[in-house]
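# An overview of the molecular structure
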Amino acid sequence: MWEAQDGTIRHAVVDDTDHQELTALVADARAACALSMYPDERHSLFVAVLPDRDGMLRARR
């Protein structure tokens, strides 16, 4: 997943044989990251907390 110069978010699904093509795709990226295809290995890209009016933090999915 990467952010292109125009601010759009792009993605590609690749394996270890596609690395040259991927290199060309992300060459001008402003930011990029690799995400696992395995759900157990994925981590949130964005996390934030906001307390409720009573000051308590409550988790929601």
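Report follows, based on the coordinates. If you're wondering where the values come from, they're calculated on a predicted model, not measured in any experiment.

## Let's talk about the overall build of the protein
- Assigned secondary structure in the protein consists of one helix and three strands.
- Ordered by position in the sequence, the α and β elements of the protein form the string β-β-α-β.
- Residues counted as buried form 3% of the 61 residues belonging to the protein.
- Within the protein, residue pairs in contact and separated by at least 24 positions form 38% of the contacts whose partners lie at least 6 positions apart.

## Here we look at the pattern of salt bridges
- Tallied over the entire structure, the rule returns two salt bridges.
- Of the charged contacts in the structure, one is a salt bridge between Arg30 and Glu3, with a shortest N-O distance of 3.0 Å. You can see Arg30 sitting in the loop between α1 (19-26) and β3 (31-32) and its partner Glu3 sitting in strand β1 (residues 2-3), a full 27 residues away along the chain.

## Some words on the layout of surface pockets
- Here the largest pocket is characterised by a volume of approximately 400 Å³.
- Together, 15 residues line the largest pocket, and Met1, Ala12, Cys33, Ala34 and Leu35 are the ones closest to its centre.
- Here the lining of the largest pocket is built from residues that sort into 12 nonpolar, two polar and one charged.

## Considering the sheet that holds β1
- A sheet is described by the order of its strands in space; here three strands give the open sequence β2-β1-β3, paired in antiparallel fashion. Across the chains shown, the open sheet's two edge strands, defined by having one partner strand only, are β2 (9-10) and β3.
- Summarising the sheet, β1 and β3 pair through two bridges and their orientation is antiparallel. When the sheet's bridge partners are listed, Glu3 is paired in β3 with Ala31.

Procedures and definitions
Residues numbered from 1 in each chain as written. Predicted model: local features only at pLDDT ≥ 70, side-chain atom pairs only at ≥ 80, totals over all residues. Heavy atoms only, no water. Helix = DSSP H or I, 4+ residues; strand = E, 2+ residues; numbered from the N terminus. Buried < 20%, exposed > 50% of the residue type's maximum accessible area, 1.4 Å probe, protein only. Contact = heavy atoms within 4.5 Å. Salt bridge = Lys/Arg side-chain N within 4 Å of Asp/Glu carboxyl O. 1 Å grid on protein atoms, 1.4 Å probe; cavity = no way out; pocket = protein on both sides within 12 Å on 5 of 7 lines; lining within 4 Å. Points joined across faces, edges and corners; volume = space filled by probe spheres on them. Nonpolar A, V, L, I, M, F, W, Y, C, P; charged D, E, K, R; others polar. Pairing = 2+ DSSP bridges.

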